[in-house]
Amino acid sequence: MNRPAHLDLLLQPRPPSPLQEVRDERFERGGVRLVVKRDDLVHPELPGNKWRKLAPNLRAAVEGGYPSLLTFGGAYSNHLRATAAAGRLLALPTVGVVRGEELAGRPLNASLAQCVADGMRLHFVSRARYREKSDPALPAEAGAAEAYVVPEGGSNPLALTGCAELGRELAGAADVVAVACGTGGTLAGLAAGLGPGQRALGVPVLRGGFLAEEIRSLQAAAFGAPLGNWSLAEGFHHGGYARVPADLEAFAADFEARHRLPVERIYVAKLLFALASLAEAGAFPAGTTVAAVVTGRP
Ligand SMILES: *Cc1c(COP(=O)(O)O)cnc(C)c1O
């Protein structure tokens, strides 16, 4: 098989992403040290946890000789965009099953337009049908019966093993490793890779209270049992997924200006806001090193 030159860049292990010190008085006042794990720099086209989760799946799809890759997402899904970019890099056809059949007749938003530009074929389904996305008949319906199927958000057992590597990169570097959660797959894998004495803290960006259960079942599927020391900091969703109220926007813009760190608004801003609030409330004992995982870029 004629492998594209950049295949190795996509599929081989990458050097650890950088760890950077952030000096911020909201943390320092309580004796807390903040470092950021720049996972947004881990791969030039597939930032952060999207690369962590996709790489082992792409490897399995390529090694298994699958003719295409099919996955699921909403109209603004970072996961769909990352999958489309990976498909272009690997010359592997991709199919995106998109929630909302009403979108089919309309001009594409920038995110879906990027997916199409990267060669992804979009298959729009009703919200009711989308809820049945584990139906084994769906890939055939989308014209990709033989595809390698990656679930919504990319969180399957292989994805968790990719995120466990992120945890291993942080062994010994922090007492608390914090990450924003959508599906919780990144937290589930990360927690499993941390060393003894370290704990993982997840900040859910969606409303709702089923995430802890979801994380336990993701871990059971991937590792056979719950692993690692982790918990969730609830109450920092700021109204729900993709909501960025003025106070959060102001916090994120200020953080960018102070620390010259690009702050992705849907996940990373909520993580940093939560950590600053918790530090100011004295939730971390003096002497604690907190690592915030920068899972993506704006
Ligand atoms: C997708 C995404 C997440 C959420 O990851 P999960 O594994 O679904 O919890 C976090 N941060 C960024 C920047 C993302 O794009």
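Residues numbered from 1 in each chain as written. Predicted model: local features only at pLDDT ≥ 70, side-chain atom pairs only at ≥ 80, totals over all residues. Heavy atoms only, no water.

### Some details on the environment of Thr183
Okay, so step 1: Counting through the fold element by element, Thr183 comes out in the loop between strand E7 (176-181) and helix H9 (185-193).
Okay, so step 2: Looking at Thr183, the relative accessible area reads 26%, which means it is partly exposed.
Okay, so step 3: For Thr183 and Gly153, which are 30 residues apart along the polypeptide, the C-alpha to C-alpha distance reads 6.5 Å.
Okay, so step 4: With near-sequence residues (within four places) excluded, Thr183 lies in contact with Lys53, Glu152, Gly153, Ser155, Leu211, Glu214 and Leu218.
Okay, so step 5: Only 2.7 Å separates the side chain of Thr183 from the side chain of Ser155, close enough to count as a polar contact.
Okay, so step 6: Separated by 3.2 Å, the side chain of Thr183 and the backbone nitrogen of Gly185 make a polar contact. (Helix = DSSP H or I, 4+ residues; strand = E, 2+ residues; numbered from the N terminus. Buried < 20%, exposed > 50% of the residue type's maximum accessible area, 1.4 Å probe, protein only. Contact = heavy atoms within 4.5 Å. Polar contact = N/O pair within 3.5 Å; in protein donor to acceptor, adjacent residues only side chain to side chain.)

### Thoughts on the domain arrangement of the chain
Frequently, the measure chosen for interface size is the accessible area that the parts lose on association.
Okay, so step 1: When its domains are assigned, the chain resolves into domain 1 (7-47 + 155-293) and domain 2 (67-146).
Okay, so step 2: One C-alpha centre belongs to domain 1, the other to domain 2; they are set 27 Å apart.
Okay, so step 3: Taken residue by residue, the interface counts eight residues in domain 1 and seven residues in domain 2.
Okay, so step 4: Interface of domain 1 and domain 2: buried area, both sides summed, is about 600 Å²; carbon and sulfur atoms make up 69% of it.
Okay, so step 5: Where domain 1 touches domain 2, the interface holds one salt bridge.
Okay, so step 6: Across the pair Arg88 and Glu45 runs a salt bridge, and its minimum N-O distance is 2.5 Å.
Okay, so step 7: Across the contact surface, domain 1 and domain 2 share one residue pair in polar contact (both at pLDDT 80 or more).
Okay, so step 8: Of the residues contributing to the side of domain 1 that touches domain 2, the split by class is five nonpolar, one polar and two charged. (Domains from an automatic or database assignment. Buried area = accessible area lost by both parts, 1.4 Å probe. Salt bridge = Lys/Arg side-chain N within 4 Å of Asp/Glu carboxyl O. Nonpolar A, V, L, I, M, F, W, Y, C, P; charged D, E, K, R; others polar.)

### Focus on the pattern of salt bridges
Okay, so step 1: Inspection of the entire model under this criterion finds 24 salt bridges.
Okay, so step 2: The salt bridge partner of Asp39 is Arg52, with a shortest N-O separation of 2.7 Å. One end of the pair, Asp39, is in the loop between strand E2 (33-37) and helix H3 (48-63); the other, Arg52, is in helix H3, and 13 residues separate them in sequence. Residues Asp39 and Arg52 agree in their burial class; the two are buried.
Okay, so step 3: Notably, a salt bridge pairs Glu102 with Arg127, separated by 2.5 Å at the nearest N-O pair. Here Arg127 lies in helix H6 (residues 127-131) and Glu102 lies in the loop between strand E4 (94-99) and helix H5 (110-117), a separation of 25 residues in the sequence.
Okay, so step 4: The class for Glu102 is partly exposed, based on a relative accessible area of 36%.
Okay, so step 5: Looking at Arg127, the relative accessible area reads 41%, which means it is partly exposed.

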